[in-house]
Amino acid sequence: MDDILIIGAGQAGMQIAVSLREHGFTGPLTLAGNEPATPYQRPPLSKAYLSGEVDVESLELRAQSFYDDRDITVRCADAVVSVSWAGDVGTAVTASGAQIPFAKLALTPGSEPRRISIAGSDLAGVLYLRDVADADALKARWAAANNVVVIGGGFIGLEVAAGARKAGKTVTVLEAADRLIARAVSPITSEFFRQAHVRRGVDVRLSVQVSAILGAHGSVTGVELADGDVVPADIVLVGIGVVARSSLAEQLGLQLAGGAIVVNEFAQTSDPRVVAAGDAVMMPHPLGRPGQVRLESVQNAVDQAKVAAATLLGVREPYRSVPWFWSDQADLKLQIAGLSTGFDQTVVRGNPDDEHFSVLYYADGRLIAIDTVNDAPDYMAVRRALAQGATIPPELASDPTVSLKTLLVPAPA
Amino acid sequence: MPTITYFSPDGTTTTLDARVGDSVMEVAVKHGVDGIVAECGGACACATCHVYVDAPFSELVGGPGDLEDDMLDGAASDRMPTSRLSCQIKMRDEFDGLTVHIAPEQL
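Conventions we followed
- Residues numbered from 1 in each chain as written.
- Chains lettered and ligands numbered in written order.
- Predicted model: local features only at pLDDT ≥ 70, side-chain atom pairs only at ≥ 80, totals over all residues.
- Helix = DSSP H or I, 4+ residues; strand = E, 2+ residues; numbered from the N terminus.
- Expected span 1.5 Å × (residues − 1).
- Buried ≥ 20, exposed ≤ 12 C-beta atoms within 10 Å, placed from the backbone.
- Pairing = 2+ DSSP bridges.
- Axes fitted to C-alpha atoms, helices over the stretch in contact; angles between N-to-C directions.
- Parallel < 35°, antiparallel > 145°, perpendicular 65-115°, else oblique.
- Left-handed = near helix turned anticlockwise from the far one by under 90°.
- Contact = placed C-beta atoms within 7 Å.
- Nonpolar A, V, L, I, M, F, W, Y, C, P; charged D, E, K, R; others polar.
- Core = buried A, V, L, I, M, F, W, Y, C linked by C-beta atoms within 7 Å.

> Help me out: how do you make sense of helix α10 (residues 376-388) of chain A in this one?
Along an α-helix, a turn takes 3.6 residues, which lines up residues three or four apart on a common side. Residue and element names in this part refer to chain A. In this model α10 runs 18 Å from its N-terminal to its C-terminal C-alpha over 13 residues, within 8% of the 18 Å that 1.5 Å per residue would give. Of the positions making up α10, those classed as buried are Ala376, Asp378, Tyr379, Met380, Ala381, Val382, Arg383, Ala385 and Leu386. Phi turns positive one or two residues past the end of α10, at Gly389, with a value near 70°.

> Please explain the sheet that holds strand β25 (residues 345-351) of chain A as it appears in this structure.
Backbone-to-backbone hydrogen bonds join strands into a sheet, with any given pair of strands oriented parallel or antiparallel. Residues and elements named next belong to chain A. In space, the 5 strands of this open sheet follow the order β23-β24-β27-β26-β25, with antiparallel pairing throughout. With partners counted over all chains shown, the strands left at the sheet margins are β23 (324-329) and β25, one partner each. Averaged over all neighbouring strand pairs, the angle between strand axes comes to 15°, with direction disregarded.

> So what exactly am I meant to see when it comes to the sheet that holds strand β9 (residues 126-127) of chain A here?
All names here are of chain A. The 5 strands lie next to each other as β9-β16-β10-β11-β12, forming an open sheet whose pairing is parallel. With one partner strand each, in any of the chains shown, β9 and β12 (203-205) form the two edges of the open sheet. With 4 bridges joining them, strand β10 (residues 147-151) and strand β16 (residues 235-238) adopt parallel strand pairing. Paired with Val148 across the two strands is Ile235, which belongs to β16.

> Would you mind showing me how to read the packing of α10 of chain A against helix α3 (residues 66-73) of chain B here?
Between two packed helices, the angle of one axis relative to the other and the distance separating the axes together describe the packing. The N-to-C vectors of α10 of chain A and α3 of chain B enclose an angle of 25°; their axes lie 8 Å apart at closest approach. Classified by the angle between their axes, α10 of chain A and α3 of chain B sit roughly parallel to one another. Crossing angle aside, the handedness with which α10 of chain A passes α3 of chain B is right-handed. Together, Ala376, Pro377 and Met380 of chain A of α10 of chain A and Leu67, Asp70, Met71 and Asp73 of chain B of α3 of chain B make up the contact between the two elements. Grouping the constituent residues of the contact of α10 of chain A with α3 of chain B by class yields 5 nonpolar, no polar and 2 charged.

> Please explain the nonpolar core as it appears in this structure.
The tendency in soluble globular proteins is for nonpolar side chains to be buried side by side. Residue and element names in this part refer to chain A. Core analysis: the largest hydrophobic core is formed by 154 residues, its most contacted members being Val236, Ile261 and Ala276. At 9 residues, helix α9 (residues 298-312) tops the list of elements feeding residues into this core. Residues contacting Ala276, with those up to four places away along its chain left out, are Ala106, Leu107, Thr108, Ile261, Val263, Ala267, Thr269 and Val281.

That's the geometry; what it means functionally is another story.
Printed below as a string of structure tokens:
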């Protein structure tokens with residue numbers, strides 16, 4: 001038998017299935033997920049889906065006929081709860097008791113929101129945002145809510161905050177660190193977003209500790225801070241990061257790091273019969289810099305899935321994709337290419353006060369990443385430079401009248 | 001339902017029914033039309049769903065918005081006056097019969 005099972009029907013799992021068929025795999029292929037719907041896009045949940053611009057049908061990544069035509073079995077709403085090997089044959093057992101045999105396995109379990117555990121965190125109206133059910137719960141309270149408090153000043157929190165402001169709500173963002181989006185961008189970009197959200201009427205509070213969530217009749221009414229201040233709330237949206245889902249990997253005895261599934265540059269886990277891709281994975285830096293990284297992004301889900309599919313078919317293609325990210329907050333489009341971790345120099349192009357600028361990051365004189373706000377040409381130029389192994393001399397990059405794409409030069413080896 | 005016809009770089013032609021409000025990109029990707037990559041899923045963040053809108057629809061469909069305009073400058077295939085990112089074209093009843101040629105390179 002040559003059955004392949006993919007556990008986790010999100011962006012990465014779907015892409016592995018598609019790529020396996022594109023590469024000519026003709027054996028039995030099952031994509032198993034715990035959600036009711038076939039794989040769908042998550043990024044719009046905090047933006048266009050929340051605001052009602054798009055409906056659930058438009059989120060679907062592929063039509064049912066697409067899977068049928070390619071003989072891909074998509075099993076929805078039946079989570080795999082255990083997985084084991086007996087010799088060369090593996091068996092997955094689902095919540096409903098179904099048994100799915102496999103010869104090779106792909107794990108794309110994704111991640112789940114980190115939960116807050118303080119007094120009142122189980123009150124109705126304390127919400128998270130990961131899947132359609134979460135978004136629907138948020139939407140159900142949305143219209144009647146006047147006061148929205150966001151705990152966590154990262155991408156998800158700020159996107160929801162921007163949407164809530166646009167809908168005319170009173171919005172407060174509570175962040176424990178001394179700046180916003182601290183894990184993904186430099187202080188320059190963080191400070192820009194703080195000012196931009198304040199300009200739009202959001203109350204942004206940095207370096208604050210939440211001590212309790214207050215409620216009445218089982219439903220949230222406010223958030224109490226360590227200094228005793230109480231912020232009224234009809235909705236508390238918690239966006240304080242995600243945790244990799246690794247329980248099945250643990251059952252298989254796979255190597256984990258920080259709760260994530262460790263893979264090599266071929267998306268192989270510590271068991272060569274098992275690949276893994278997406279949010280739940282810890283991998284070598286894709287551009288060859290030191291260290292292991294976790295990338296929670298659509299780009300990584302798709303590109304790593306392609307590598308994983310090739311590996312399952314015995315084709316070894318190392319993962320070398322340039323990471324990229326985006327976040328839409330009000331009329332601000334943040335686009336990031338590369339990974340800025342380890343930078344020792346920045347170059348700012350344009351003026352953040354104009355809400356149109358970029359920050360280039362360098363390590364040892366070599367370009368490693370860029371953040372852009374409403375500046376797609378700079379973003380595209382750097383994405384291309386990194387993909388080609390090129391750099392842009394920092395002393396030339398600062399002049400915003402010169403197009404970055406004209407400044408690419410080969411990087412020293 | 002209005003229909004869209006896609007001419008793919010590999011020579012295939014696909015005609016699909018489109019829901020009003022769905023983008024020209026979404027309709028293609030959901031049905032596996034060859035040549036549209038659409039890495040970002042429709043956020044106008046990647047320029048990998050580049051199409052050339054055929055006459056006589058190019059005028060009716062209109063030109064790109066500012067951000068899309070900038071993204072098209074960085075697209076992998078040559079930009080033409082009828083270039084659009086197909087994620088930014090939302091289907092309307094009057095676009096029935098729309099035909100687009102998918103740009104030969106997206107990445």
